[in-house]
Amino acid sequence: MEQIVSNGIIDSYFNKLKQYLSVDVAIVGGGPSGLVASYYLAKNNYKVAVYERKLAPGGGMWGGAMMFNEIVVQRAALHILDELSIKYREFENDFYVIDSVHAASALIYNATKAGVKIFNCTSVEDVVFLDNKVCGIVLNWAPVVRERLEVDPLVIMAKAVVDSTGHDCAVAHTLERKNNITLNTETGKVIGERSLSINEGENSTIDNTKEIYPGLFVTGMAANGVSGSFRMGPIFGGMILSGKKVADLIINKINKD
Ligand code: 48F
């Protein structure tokens, strides 16, 4: 009995890992933008994996604002909430509140049900850079990175990589720092996030969702951070719409296996 349980877990996990050594799309960060992107890609039969360094995906959604676990979404994103069976309540013209635990768990459930594989407790520490193109990610266990243990990573190849690491824009920062390259931003660099301005931040999240270097796309707060736009706090319409937009961009750009 004891060995059966351990065998099942080890066999199943390593099979999954081996099957996902090469993917169509590697999504770095399991916050709302990354989860929505992964859902639409998987729904369109792309082989997609999400890498999340925390135990639970969901990013900044669970805690609402200051741990008041409610979030706000605008009318423009309701069609996506409807598709994912997420319940909301209008409290002001065009503004809706959602229980953040319900929203985060629904995003995770819908993504995995559509076929997304989520590798939690994993940290992306670099990208694979071949022929001036981002071709994959460099992956380690999150505790290894956190504890700064000198343990080498493994590599996952991908036709497209998505930076959905939120305020950190971790993948874009690493790509820029390590390689002498120009990104598709106003300065050619990661410009960095500005202070809070809800309206401007929400609108620019969608505009800033793009391919910033061959093979590397940005979505959510990472998109705004890279392009030097504003943060906006616990309003999530922009994140959700940005996740859908990056999925559409990738679907138009790359073929699935
Ligand atoms: O921060 P996060 O929720 O990003 P998002 O999808 O949404 C932003 C909102 O939550 C909120 C907001 C709304 O207006 O401003 O902040 O843009 O999720 C980012 C996820 O990426 C993970 C991190 O743990 C979080 O769950 N992450 C960050 N760096 C890495 C990573 C990394 N190097 N490897 C793996 N996961």
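Residues numbered from 1 in each chain as written. Predicted model: local features only at pLDDT ≥ 70, side-chain atom pairs only at ≥ 80, totals over all residues. Heavy atoms only, no water.

### Some words on the packing of aromatic side chains
Here is step 1 of the chain: Counted under the stated rule, the structure contains eight aromatic pairs.
Here is step 2 of the chain: Between Tyr39 and Tyr40, the aromatic rings sit 4.9 Å apart at their centres with planes inclined by 80 degrees, giving edge-to-face as the arrangement.
Here is step 3 of the chain: The class for Tyr39 is buried, based on a relative accessible area of 10%.
Here is step 4 of the chain: Seen in terms of ring centroids, Phe129 and Tyr213 are 5.9 Å apart; in terms of plane orientation they differ by 35 degrees. Their pairing is tilted. (Phe/Tyr/Trp six-rings, centres within 6.5 Å; stacked < 30°, edge-to-face > 60°. Buried < 20%, exposed > 50% of the residue type's maximum accessible area, 1.4 Å probe, protein only.)

### Here's the deal with the site of the ligand
Here is step 1 of the chain: In the vicinity of the ligand, 26 residues are found, and the nearest of them are Ser33, Glu52, Gly60, Met221 and Gly233.
Here is step 2 of the chain: Here Met221 contributes a backbone N or O atom positioned 2.8 Å from an oxygen atom of the ligand.
Here is step 3 of the chain: Within the backbone of Gly233, an N or O atom sits 2.5 Å from an oxygen atom of the ligand.
Here is step 4 of the chain: Alone, the ligand offers 730 Å² of accessible surface; in the complex the protein occludes 93% of this.
Here is step 5 of the chain: Applying the majority rule of atoms within 2 Å of the grid points places the ligand in the largest pocket.
Here is step 6 of the chain: Looking at the shell around the ligand, the elements with two or more residues in it are helix H2 (32-43), strand E2 (48-52) and strand E7 (122-130).
Here is step 7 of the chain: The element that contributes the greatest number of residues to the shell around the ligand is E7, accounting for three residues.
Here is step 8 of the chain: Here the residues of the shell around the ligand are counted per class, giving nine nonpolar, 14 polar and three charged. (Near = heavy atom within 4 Å. Polar contact = N/O pair within 3.5 Å; in protein donor to acceptor, adjacent residues only side chain to side chain. Areas by Shrake-Rupley, 256 points an atom, 1.4 Å probe, with all protein chains shown as cover. 1 Å grid on protein atoms, 1.4 Å probe; cavity = no way out; pocket = protein on both sides within 12 Å on 5 of 7 lines; lining within 4 Å. Sits in = over half its atoms within 2 Å of the grid points. Helix = DSSP H or I, 4+ residues; strand = E, 2+ residues; numbered from the N terminus. Nonpolar A, V, L, I, M, F, W, Y, C, P; charged D, E, K, R; others polar.)

### Describing the nonpolar core
Here is step 1 of the chain: Among the nonpolar cores identified, the biggest contains 44 residues, and Val25, Ile27, Leu41, Ile240 and Ile250 are the most heavily contacted of them.
Here is step 2 of the chain: Not counting residues up to four positions away in its chain, the partners in contact with Ile27 are Gly34, Ala37, Ser38, Leu41, Val48, Ala49, Val50, Tyr51, Val162 and Ser164.
Here is step 3 of the chain: The next biggest cluster of nonpolar side chains, apart from the first, holds 30 residues, and it includes Ile156, Ile181, Val190 and Ala222. (Core = buried A, V, L, I, M, F, W, Y, C linked by side-chain atoms within 4.5 Å. Contact = heavy atoms within 4.5 Å.)

### So, the sheet that holds strand E3 (residues 70-74)
Here is step 1 of the chain: Across the sheet, which stays open at both edges, the three strands sit in the order E3-E5-E4 with antiparallel pairing between neighbours. Two strands lie at the open edges of the sheet, namely E3 and strand E4 (89-92), each paired on one side alone. Pairwise comparison of adjacent strand axes, ignoring direction, gives a mean angle of 40 degrees for this sheet.
Here is step 2 of the chain: One ladder, built from three bridges, connects E4 with strand E5 (residues 95-99); its direction is antiparallel. Looking across to E5, one finds that Glu92 is bridged to Phe95. (Pairing = 2+ DSSP bridges. Axes fitted to C-alpha atoms, helices over the stretch in contact; angles between N-to-C directions.)

### Some points on the layout of surface pockets
Here is step 1 of the chain: A volume near 860 Å³ is recorded for the largest pocket.
Here is step 2 of the chain: As for the largest pocket, its lining consists of 38 residues, of which Gly59, Gly60, Thr165, Gly166 and His167 are closest to the centre.
Here is step 3 of the chain: With four residues, E7 is the single largest residue contributor to the lining of the largest pocket.
Here is step 4 of the chain: Of the residues belonging to the lining of the largest pocket, the class tally is 15 nonpolar, 16 polar and seven charged. (Points joined across faces, edges and corners; volume = space filled by probe spheres on them.)

### Some points on helix H4 (residues 100-114)
Here is step 1 of the chain: For H4, which comprises 15 residues, the first-to-last C-alpha distance of 21 Å matches the rise-based estimate of 21 Å (1.5 Å per residue) to within 8%.
Here is step 2 of the chain: Packing partners of the buried residues in H4 comprise H2, E3, E5 and strand E6 (117-120).
Here is step 3 of the chain: With a side-chain oxygen lying 2.9 Å from the backbone nitrogen of Val101, the N-terminal cap of H4 falls on Asp99.
Here is step 4 of the chain: Trailing H4 by a residue or two, Gly115 shows a phi angle of about 115 degrees, which is positive. (Expected span 1.5 Å × (residues − 1).)

### Overview of the pattern of salt bridges
Here is step 1 of the chain: Per the counting criterion, the structure on display carries eight salt bridges.
Here is step 2 of the chain: Across the salt bridge formed by Lys43 and Glu83, the nearest N and O atoms sit 2.7 Å from each other. Pair noted here: Lys43 is in helix H2 and Glu83 is in helix H3 (residues 78-83), with a separation of 40 residues, a long-range link.
Here is step 3 of the chain: In this structure, the salt-bridge partner of Asp168 is Arg53, at a minimum N-O distance of 3.3 Å. Of this pair, Asp168 sits in the loop between strand E9 (154-163) and helix H6 (170-178) while Arg53 sits in the loop between E2 and E3, placing them 115 residues apart in sequence.
Here is step 4 of the chain: Since its relative accessible area comes to 38%, Asp168 is described here as partly exposed.
Here is step 5 of the chain: Connected through shared salt-bridge partners, Arg75, Glu90 and Asp94 make up one network. (Salt bridge = Lys/Arg side-chain N within 4 Å of Asp/Glu carboxyl O.)

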